[in-house]
Amino acid sequence: MAQLEYSEFQAAMLDEEKRRRKAAKIVAVLGHFLGRDEDVLAGLTVADIGCSAGFIADELANAGAARTFGVDIDVPGLRKAAARFGERVEFVCADGTALPFPDGSIDVLVFNHIYEHVVDPDAIMAEMRRVLADDGVLYLGLGNRLGVMEPHYKLPFLSYLPPALADRYVRLSGRADSYYERYRTRRGLRKMARGFRVWDYTFPVLATPAAFAGSELFPGVIGRVAGGVLSRLPRAVLRALLPVVPTYLWVATKGARRPAGPVLPQPPDPVQTR
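The shown structure was predicted, so the numbers you read here are calculated from the model rather than taken from an experiment.

Asks: Which parts of the structure should I look at to understand the overall build of the protein chain?
Replies: Within the protein chain one finds 10 helices and 8 strands. When contacts within the protein chain are restricted to residue pairs at least 6 apart in sequence, long-range pairs at least 24 apart make up 70% of them. Accessible surface, the protein chain as shown: approximately 12,900 Å² in total, 55% of it carbon and sulfur.

This is how it looks when you write it as structure tokens:
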């Protein structure tokens, strides 16, 4: 079942400050991959798939995009978005499996923490590949089923459970009537991204959060210590941690494009999707 009116029961979608911080991180990752420091999206056509109330789409427009679209089936969220940002962003009510764009017409796509909410994420990935330009870029924020703390309901090991037990767990917690979200492991996400070439920005962002507007990941002194440790860990150790990292930040392309930004203490790694 499609999650209609998602912003009406997930208050986090209306947390403007948090959503704009996430957008700043997305723009910074795209800027590094594209090798752009300012006006990261200047001259590009951009679409945020699963835009809800439009805060991230608005920040994409602010990053210089020539044309920005926000796409969702969340009608209340789209109404709020259009009322505030309609002069800068074109909001469209459409299913991700049938995007209203011609083949190869979008330069940058954003698909941030959406796949677990949709009925058929593989079909959406195929549709995004269809509309993405040959030299285009797709940003993916992907939750990991093996992340210990489930991010929506803040319940440990919730995403590990089979559906019936997960439903019972959220009901017993009093936080929901059922658990709709369906996460995949890293292996499953790699399969979902087949047909794309993928670069993993997870550890670059964690190791150098200030460079990616991601300081909220590890705030204050703890953040400085964690970033310092991660920036010095051997690559083999970091790769061993990948299966249980709670969120992956990937940049995908249709062709053999590579990150164009400066060298980082922990550089982006290619992801084997085949």
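Still more ground to cover, so stick around.
Asks: How should the sheet that holds strand β3 (residues 90-93) be read in this particular structure?
Replies: Whether parallel or antiparallel, the strands of a sheet pair through hydrogen bonds between backbone atoms. On the basis of which strands lie adjacent, the open sheet formed by 8 strands has the order β3-β2-β1-β4-β5-β7-β6-β8 and mixed pairing. Taken across any chain shown, the strands that pair with only one partner, and hence form the sheet edges, are β3 and β8 (269-271). This sheet shows a mean twist of 25 degrees between the axes of neighbouring strands, independent of strand direction. The sheet contact formed by strand β1 (residues 45-49) and strand β2 (residues 67-72) spans 5 bridges and is parallel.

Asks: Would you mind going over the nonpolar core with me for this structure?
Replies: Generally speaking, nonpolar side chains in soluble globular proteins are found buried as a group. Counting residues in hydrophobic clusters, the biggest one holds 44 residues, and the most contacted among them are Leu109, Phe111, Met125, Met128, Leu138 and Trp250. Discounting residues that sit within four places of it in the chain, methionine 128 has contacts with Ile49, Leu99, Leu109, Phe111 and Leu138. Membership of the second largest hydrophobic core comes to 27 residues, among which are Val27, Val46, Ala63 and Tyr139.

Asks: Would you mind showing me how to read a nonpolar patch on the surface here?
Replies: Together, Val148, Phe157 and Tyr160 line one region of the surface with nonpolar side chains, adding up to about 250 Å² of accessible area. As for its position among the elements, valine 148 is in the loop between β5 (132-143) and α6 (163-173). By relative accessible area, valine 148 is classed as partly exposed at 42%.

Asks: Mind showing me how you'd approach helix α4 (residues 75-85) here?
Replies: An α-helical segment advances 3.6 residues per turn. Residues three or four places apart therefore align on the same side. Taken residue by residue, α4 has Pro76, Gly77, Leu78, Ala81 and Phe85 as its buried positions. Near the N-terminus of α4, the side chain that reaches the backbone nitrogen of glycine 77, with its oxygen 3.1 Å away, is that of aspartate 74.

Asks: Would you mind showing me how to read the pairing of β5 here?
Replies: Where a strand is regular, its side chains alternate between the two sheet faces. With 10 of 12 residues buried, β5 is to be regarded as a mostly interior element. Note that the unit made of strand β4 (residues 106-112), helix α5 (residues 121-131) and β5 has a crossover that is right-handed. Where β5 meets strand β7 (residues 247-253), 6 bridges bridge the pair, whose relative direction is antiparallel. Bridging across to β7, leucine 138 finds its partner in alanine 252.

Asks: Sorry if this is basic, but what is going on with the pairing of β7 here?
Replies: Burial runs high along β7: 6 of the 7 residues are buried. Where strand β6 (residues 197-200) lies against β7, 4 bridges are found, and the strand directions are antiparallel. Residue valine 198 lies in a different strand from β7, and its bridge partner there is alanine 252.

Asks: For this particular structure, what's the right way to read the pattern of salt bridges?
Replies: Should their charged atoms come close, side chains of opposite charge can pair. All told, the structure shown has 14 salt bridges when counted by the stated rule. Of the charged contacts in the structure, one is a salt bridge between arginine 21 and glutamate 17, with a shortest N-O distance of 3.4 Å. Of this pair, arginine 21 and glutamate 17 both sit in helix α2 (residues 16-34), 4 residues apart, which is roughly one turn of the helix. What emerges from the salt-bridge pattern is a single network uniting Glu16, Arg20, Asp58, Glu59, Arg84 and Arg88.

Asks: Can you walk me through α5 in this structure?
Replies: Taken residue by residue, α5 has Pro121, Ile124, Met125, Glu127, Met128 and Val131 as its buried positions. Along α5, the residues classed as buried sweep out an arc of 165 degrees about the axis, all on the same side. Where the residues of α5 are buried, they touch β1, β4, β5 and α7 (186-192).

Asks: Help me understand the side chain of asparagine 144, please; the structure alone is not making it clear to me.
Replies: Locating asparagine 144 in the fold gives a position in the loop between β5 and α6. With residues up to four places along the chain from it excluded, the contact list for asparagine 144 reads Ser159, Tyr183, Arg184, Thr185, Arg186, Leu242, Pro243, Val244, Val245, Pro246 and Tyr248.

Asks: Help me understand the environment of phenylalanine 55 in this model?
Replies: Along the chain, phenylalanine 55 turns up in helix α3 (residues 55-62). With 40 residues separating them along the chain, phenylalanine 55 and aspartate 15 place their C-alpha atoms 9.0 Å apart.

Each value, and the rule that gives it
Residues numbered from 1 in each chain as written. Predicted model: local features only at pLDDT ≥ 70, side-chain atom pairs only at ≥ 80, totals over all residues. Heavy atoms only, no water. Helix = DSSP H or I, 4+ residues; strand = E, 2+ residues; numbered from the N terminus. Contact = heavy atoms within 4.5 Å. Areas by Shrake-Rupley, 256 points an atom, 1.4 Å probe, with all protein chains shown as cover. Pairing = 2+ DSSP bridges. Axes fitted to C-alpha atoms, helices over the stretch in contact; angles between N-to-C directions. Core = buried A, V, L, I, M, F, W, Y, C linked by side-chain atoms within 4.5 Å. Buried < 20%, exposed > 50% of the residue type's maximum accessible area, 1.4 Å probe, protein only. Patch = residues over 30% accessible without salt bridge, like charges linked within 9 Å, V, L, I, M, F, W, Y side chains within 5 Å. Salt bridge = Lys/Arg side-chain N within 4 Å of Asp/Glu carboxyl O. Polar contact = N/O pair within 3.5 Å; in protein donor to acceptor, adjacent residues only side chain to side chain. Right-handed = clockwise from strand over helix to strand, strands pointing away. Arc of directions from axis to C-beta.

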